[in-house]
Amino acid sequence: MKRIVTIQDISCFGKCSLTVALPIISAMGIEACCIPTAVLSTHTGGFTGYTYRDLTSDIPDIAAHWNRINLQLDAVYTGYLGSFEQIKIVSDFFDAFKTNDNLLIVDPVMGDKGKFYAGFTMEFAKEMKKLCRKADVIMPNLTEAALLLGEEYTESGYDESFIKNMLIRLSRLGSKIVIITGVSFDTSSQGVMSYNSETGEFFSYFSDNIPGYFHSTGDVFSSTLAGALVKNCDMGKAIKIAVDFTVECIKHTVGYEKEHWYGVKFEECLPSLMNM
Ligand code: PXL
């Protein structure tokens, strides 16, 4: 059985980060361990007055204990990180747990639709770039890709060579595999493009573009992709599973946007992920 540790916050209500990653990884038949980086009463996208308890100082002690019990990890998958110090500590965690055959997977969560999430800045993006340098796989959305490259966000009107060029430049940060999510060349489809800097291979996979904004789909995609890669799916298959499952969760939420504006109803789709 494979084992992933995912390092991100717990938003107690709101269906994102750990409350999405843990069930998805478990449903894929992978042992899910976690390091919660902070506890929030809700996520920050659309709620006001949320609580935030920082758990950064617990991370080195958890890492030290895991070292003492010689815990082996098939992958370390990071999502939302809340401070410069957290990035630094996660970077130390990478150094402590990297082996020749495990995967360091970074979703550089910082923003969407051309905007930072609450509390993120350009300085944070510069720090995140350093973490991406150590990763084997990074999976920014188009907004985060632009932030990592220090450029303006291009919302639409780009073509395949524009994204390929971004992928190549992002790979120069240091990771072997780069995946850009939220790519759309026309209004009817949306998907992802990836680049493997060792083989020079590009891969794209597109599905239906469903109008509207659906929270937590980035976390659904990244958790599924991390699981598929750890289960040794090739890149094409891993991306297809992650996109298809994310789109299924979105379609399942269409019509329930009022009650479920804060996150997609991924739970009822988990049986289908297990079958994939
Ligand atoms: O889904 C990414 C995410 C994770 N964690 C927190 C967030 C967000 C996005 O808004 O607010 C706390």
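Model, not experiment: these values are computed from the prediction.

Draft legend 1. Layout of helix α4 (residues 122-134). Among the residues making up α4, those that are buried are F124, A125, E127, M128, L131 and C132. One side of α4 carries all its buried residues, which in axial view fall inside an arc of 160°. Against the buried residues of α4 lie β4 (75-78), α3 (84-97), β5 (103-106), β8 (137-138) and α5 (142-149).

Draft legend 2. Structural detail: unusual backbone geometry. One non-glycine residue, N70, adopts positive backbone phi at about 55°. Examined against the element boundaries, N70 turns out to sit in the loop between α2 (59-68) and β4. Of note, K113 is a non-glycine position whose phi angle comes to about 50°, a positive value. Following the sequence through the fold, K113 ends up in the loop between β6 (111-112) and β7 (115-116).

Draft legend 3. Up close: the pairing of strand β2 (residues 31-42). Two strands pair when backbone bridges link them, and strand β1 (residues 3-13) and β2 are joined in this way by 9 bridges, in the parallel orientation. When the bridges of β2 are listed, I7 appears paired with I35. This β-α-β element, β1 to helix α1 (residues 18-27) to β2, shows right-handed connectivity. As paired strands, β2 and strand β3 (residues 52-54) are joined by 3 bridges and run antiparallel to one another.

Draft legend 4. Quick look at the nonpolar core. Counting 47 residues, the largest nonpolar core has V5, F93, M128, L170 and I180 as its most contacted members. When neighbours within four sequence positions are excluded, I180 is seen to be in contact with P140, N141, L142, A145, I163, M166, L167, L170, G191, V192 and M193. Counting 42 residues, the second-largest nonpolar core is a separate cluster that includes I4, I105, V247 and C269.

Draft legend 5. Representation of the packing of α5 against helix α6 (residues 160-171) within the structure. Contact geometry for α5 and α6: axes closest at 10 Å, N-to-C directions at 50°. Accordingly, the angle class assigned to the pair α5 and α6 is oblique. Seen along the crossing, α5 lies across α6 with a hand that is left-handed. Taken together, the residues of α6 that come into contact with α5 (itself represented by L142, A145, A146, L148 and L149) are I163, M166, R169 and L170. Each residue belonging to the contact of α5 with α6 can be placed in one class, and the counts come to 8 nonpolar, no polar and 1 charged.

Draft legend 6. Spatial organisation of the sheet that holds strand β10 (residues 189-196). The sheet built from 9 strands is open, its strands ordered β3-β2-β1-β4-β5-β8-β9-β10-β11 with mixed pairing. Two strands lie at the open edges of the sheet, namely β3 and β11 (201-208), each paired on one side alone. As paired elements, strand β9 (residues 177-186) and β10 share 6 bridges and run antiparallel to each other. Note that in β10 the partner of I180 across the bridge is M193. The strands touched by α4 are β4, β5 and β8; relative to β5, the strand with the most contacts, the crossing angle is about 155°. Packed onto the sheet, α6 meets β8, β9, β10 and β11 and runs at close to 160° relative to β9.

How each quantity is defined
Residues numbered from 1 in each chain as written. Predicted model: local features only at pLDDT ≥ 70, side-chain atom pairs only at ≥ 80, totals over all residues. Heavy atoms only, no water. Buried < 20%, exposed > 50% of the residue type's maximum accessible area, 1.4 Å probe, protein only. Helix = DSSP H or I, 4+ residues; strand = E, 2+ residues; numbered from the N terminus. Arc of directions from axis to C-beta. Contact = heavy atoms within 4.5 Å. Pairing = 2+ DSSP bridges. Right-handed = clockwise from strand over helix to strand, strands pointing away. Core = buried A, V, L, I, M, F, W, Y, C linked by side-chain atoms within 4.5 Å. Axes fitted to C-alpha atoms, helices over the stretch in contact; angles between N-to-C directions. Parallel < 35°, antiparallel > 145°, perpendicular 65-115°, else oblique. Left-handed = near helix turned anticlockwise from the far one by under 90°. Nonpolar A, V, L, I, M, F, W, Y, C, P; charged D, E, K, R; others polar.

By themselves, these observations are geometric and do not establish any function.
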